[in-house]
Amino acid sequence: MNGLMMDTSLSITSIIKHAEQVNGDTEIVSVTSDNPRHRYTYREAFARARRLANAIAGWGLEQGDRIATLAWNDYRHFETYYSSACSGYVCHTVNPRLFPEQLVYIINHAEDKYVFLDPDFVPLVEGLASQCPGVQGWVVLTSEDNMPGTSLDNVICYETLVASGDEHFEWPELDENTACALCYTSGTTGNPKGVVYSHRSTLLHAYATMMPDAMGLSRKDVVLPIVPMFHVNAWGTPYSCPIAGAKLVFPGSKMGDGETLATLINEEGVTMSAGVPTVWLGLIAYLKASGKRVDSLKSIIVGGAACPLSVMEDFDTFGVDTHVGWGMTEMSPLGSVNSSPSSREDYSDGDYAKVRLKAGRPIFGVEMKIVDDDGKDLPWDGEAFGSLKVRGPWICSSYFKLEGSDAHEEEGWFETGDVATIDPDGFMAITDRTKDVIKSGGEWISSIEVENVATDHPKVAEAAVIGHFHPKWSERPLLIVVKGPEGDDLSEEEMLAWFDGKIAKWWTPEAVQFVDELPHTATGKLQKVKLREMFKDYSFPE
Ligand code: ADP
C-alpha cells in the first residue's frame, strides 16, 4: 500500500517560490569588482534571475545543456545559478584556480555552451578561448560601463542581457531528478572528474545542512560563505540560506583578505560562516594584528582539510564556536559536522581537543562504514582504521561521461578515498587519504594526527608528514616543516621533542626537513604526491 501524499517535485525552483513569498525582504549583500557593497533583496534577486532566464531562452539551447561560470561569490553568480538550473540547463561551476590546461579540459569535457565570467577572469579566458571551440559566447558579469576591453569573440555584457529579459518569465516544471549543477573534482591525480548534482539531491542536501547540529541555519542568521561558489556550490549555502530566510553576505574576490572579512562580519552582523582552514588563519592574523573583534560571529564551520587546533583555540578567545565539517565534491559536499559535546567540563583539556578535532557525526541522510582491505566492516570503536565508504541521496552514483570508477566498485557505496576511525557514538575522524597512509612495520600511523601536533608548535607555519622508505620498518614518517615568522631558530631536535607525550612514541617522525613552502592543489590541499617526489632521494640518517 502506498502513502497518499502528493508527489511534488523536489526542485530548486521551489526555493525561488518560497523565498520570494516568505523571505522576499531578506538581503543579499555582495562585494563585486564594480561595487564594493552591492545590496538588494531575495525578491529582487529572483526577479532578475527570471529576466536572465527569459533572455537566455532566446539562445536556442536544449534542456540539459551546460552553462559554465567562472566567478567569485556574488549576487550575479547567485542569479546565474538559479536562472540556468531552473530553466532546465546545468550550471557548471568552473574553478578559476585550476591550471589553464585543466580548465580547457573540463570546459570541453562538459561541452559548455556559454561561459559567464567575472571581469577579473577575462585575461585568463583570452588565453584559452581558442582551445574551447564549443563555447558559443562569453558573458561578462558586469555592466556596460565596466566592460573590459577584450579580444574575445561573442562577448555579451551581463547587465545588458538581464535588462533584455522579461521579469514575468514562468519557470518550467522540472522532474526532481533533472541535473541542475556540475562540478569537477580538483584531480590531484589524473583528469578532473565531473560530479552532476540533481535538483533533488541539491534540495535534500540543503535541507539537511540547515539542521541545528549541522550548520544550524535560521531566519535570524547572517551567513558569510567564504567557501567558493565555484567549488561544490559554496557548501550549499546559496540554496539553504533562501530556504531559511538567512541574509547572505558574499565576499566576492576578497575571500582571502582578513580585513575585508572582518569588516563584512562587523558591518553586516554576520553570525555564521564557513571556510577552509587557510581563510581562518588569514582572518585570525588580521584580528590579532589590528586588535579588532568579530562579536556578531557565533559559529563557523571549518572543512576541506584538517583544522589546526590553534584555529579553534584562537576563535575560543573571540567567542566563536568552531566546528569541523567533512565532505567532498562527490558528496555535495557535506557528510559530517562536529557539533562537539556540549559538556566541555566532562573532558580533560587534552581529551576535549581530541574530540573537537574529529570530523564529527554523519548528518542524517549520509550513511557511513569503515572497511578493511578485504572489504569487511570494521567496528565503531574509535580504534580501528579503515577505508571510509558512504551512501545517501546527495552522494554521486557515477561520474559524468565516465563508466565505472574504482570509487563505485562496491554496489551502492561510494569509496571516499579517506581512511577513518569511528567512535561508538558516531564521531568520525579522518586519519589520512588512502594514498597517503604511512605503514611503519605493518602498522598504520595517522599522518593527520601527527600534522595536527606539529602545526600546534608556535614556530611552525605549516607541516606535512609523508611515509618514506626505511630499511628496517619499510616506511617511517618524515616530517616536512615550513617555519613561521618566529621560527628562524627552530631545530630538528626541538621539533621532535615537541611530540613527547602528545602521540605514541613510534608515531613520532623519524626526521624533520625544513622547506620554504609546501606544494598545494588548486583547492588549497597539500599535494603529497609532489612532496613524495621532492623527497624521493632522501635517506633517513643511520
Ligand atoms: P572539498 O574541496 O569540498 O573539500 P574535495 O572533493 O576537493 O572537496 O576534497 C575532499 C577531501 O578533502 C576529503 O575526501 C578529505 O580527504 C579532505 N577533507 C575535507 N574535509 C576534511 C576535514 N574536515 N578533515 C580532513 N580532511 C578533510
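Residues numbered from 1 in each chain as written. Predicted model: local features only at pLDDT ≥ 70, side-chain atom pairs only at ≥ 80, totals over all residues. Heavy atoms only, no water.

Draft legend 1. Inspection of the sheet that holds strand β25 (residues 511-514) at higher detail. With respect to topology, 3 strands assemble into an open sheet ordered β23-β24-β25, the strand pairing being mixed. Each edge of the open sheet carries a strand with a single partner, namely β23 (460-470) and β25. Put simply, the sheet's adjacent strands are angled 30° from each other on average, direction ignored. Inspection of the sheet shows β23 paired to strand β24 (residues 474-483) by 10 bridges, in the antiparallel sense. Paired with His468 across the strands is Arg476, a residue of β24. (Pairing = 2+ DSSP bridges. Helix = DSSP H or I, 4+ residues; strand = E, 2+ residues; numbered from the N terminus. Axes fitted to C-alpha atoms, helices over the stretch in contact; angles between N-to-C directions.)

Draft legend 2. Seen up close, the nonpolar core. If you look at the biggest cluster of nonpolar residues, it comprises 73 residues, and the most contacted ones within it are Ile28, Phe78, Tyr82, Trp326, Leu388 and Met428. With 6 residues, helix α3 (residues 75-86) is the largest single contributor of residues to this core. Domain assignment of the residues forming this core places at least three in each of domain 1 (20-245) and domain 2 (344-435). If near-sequence neighbours (up to four positions away) are discounted, Phe78 is found in contact with Ile28, Tyr42, Ala45, Phe46, Met229, Pro238, Pro242, Leu248 and Phe250. Counting residues in hydrophobic clusters, the runner-up holds 59 residues, among them Val104, Cys132, Leu261 and Val270. (Core = buried A, V, L, I, M, F, W, Y, C linked by side-chain atoms within 4.5 Å. Buried < 20%, exposed > 50% of the residue type's maximum accessible area, 1.4 Å probe, protein only. Domains from an automatic or database assignment. Contact = heavy atoms within 4.5 Å.)

Draft legend 3. Quick peek at the domain arrangement of the protein chain. Domain boundaries assigned for the protein chain yield domain 1 (20-245), domain 2 (344-435) and domain 3 (437-534). For domain 1 and domain 3, the distance between their C-alpha centroids amounts to 39 Å. At the junction of the two partners, domain 1 supplies 7 residues and domain 3 supplies 5 residues. Of the roughly 500 Å² buried at the junction of domain 1 and domain 3 (both faces included), carbon and sulfur atoms supply 68%. The tally of links between domain 1 and domain 3 comes to 0 salt bridges. Scanning the region where domain 1 abuts domain 3 turns up 0 residue pairs in polar contact (both at pLDDT 80 or more). Looking at the side of domain 1 that touches domain 3 residue by residue, the classes come out as 1 nonpolar, 5 polar and 1 charged. (Buried area = accessible area lost by both parts, 1.4 Å probe. Salt bridge = Lys/Arg side-chain N within 4 Å of Asp/Glu carboxyl O. Polar contact = N/O pair within 3.5 Å; in protein donor to acceptor, adjacent residues only side chain to side chain. Nonpolar A, V, L, I, M, F, W, Y, C, P; charged D, E, K, R; others polar.)

Draft legend 4. The arrangement of the sheet that holds strand β8 (residues 179-184) in detail. Strands sit in the order β7-β6-β5-β3-β4-β8-β9 across an open sheet of 7 strands; the sheet is mixed. With partners counted over all chains shown, the strands left at the sheet margins are β7 (155-157) and β9 (194-198), one partner each. This sheet shows a mean twist of 25° between the axes of neighbouring strands, independent of strand direction. Pairing geometry for strand β3 (residues 66-70) and strand β4 (residues 90-93), over 4 bridges, is parallel.

Draft legend 5. Main features of the site of the ligand. The ligand sits among 16 residues. The nearest are His231, Gly325, Asp418, Arg433 and Lys525. For the ligand, an oxygen atom lies 2.6 Å from a polar atom in the side chain of Asp418. At 2.9 Å from an oxygen atom of the ligand is found a side-chain nitrogen or oxygen belonging to Lys525. Protein burial of the ligand: of its 550 Å² of free accessible surface, 91% is covered by the chains. A per-element tally of the shell around the ligand places strand β14 (residues 321-327) first, with 4 residues. (Near = heavy atom within 4 Å. Areas by Shrake-Rupley, 256 points an atom, 1.4 Å probe, with all protein chains shown as cover.)

Draft legend 6. Structural view of unusual backbone geometry. Note that the residue after Ser332, namely Pro333, is joined by a cis bond; omega there is 5°. Structurally, the position occupied by Pro333 is in the loop between β14 and β15 (334-337). The phi angle at Asn154 is positive, at roughly 50°, despite the residue not being glycine. With respect to the element layout, Asn154 can be found in the loop between β6 (137-140) and β7. Classification of Asn154 as exposed rests on a relative accessible area of 51%. Even without glycine at this site, Ser332 takes up a positive phi of about 75°. Along the polypeptide, Ser332 turns up in the loop between β14 and β15. Taking relative accessible area as the criterion, Ser332 reaches 5% and is therefore assigned buried.

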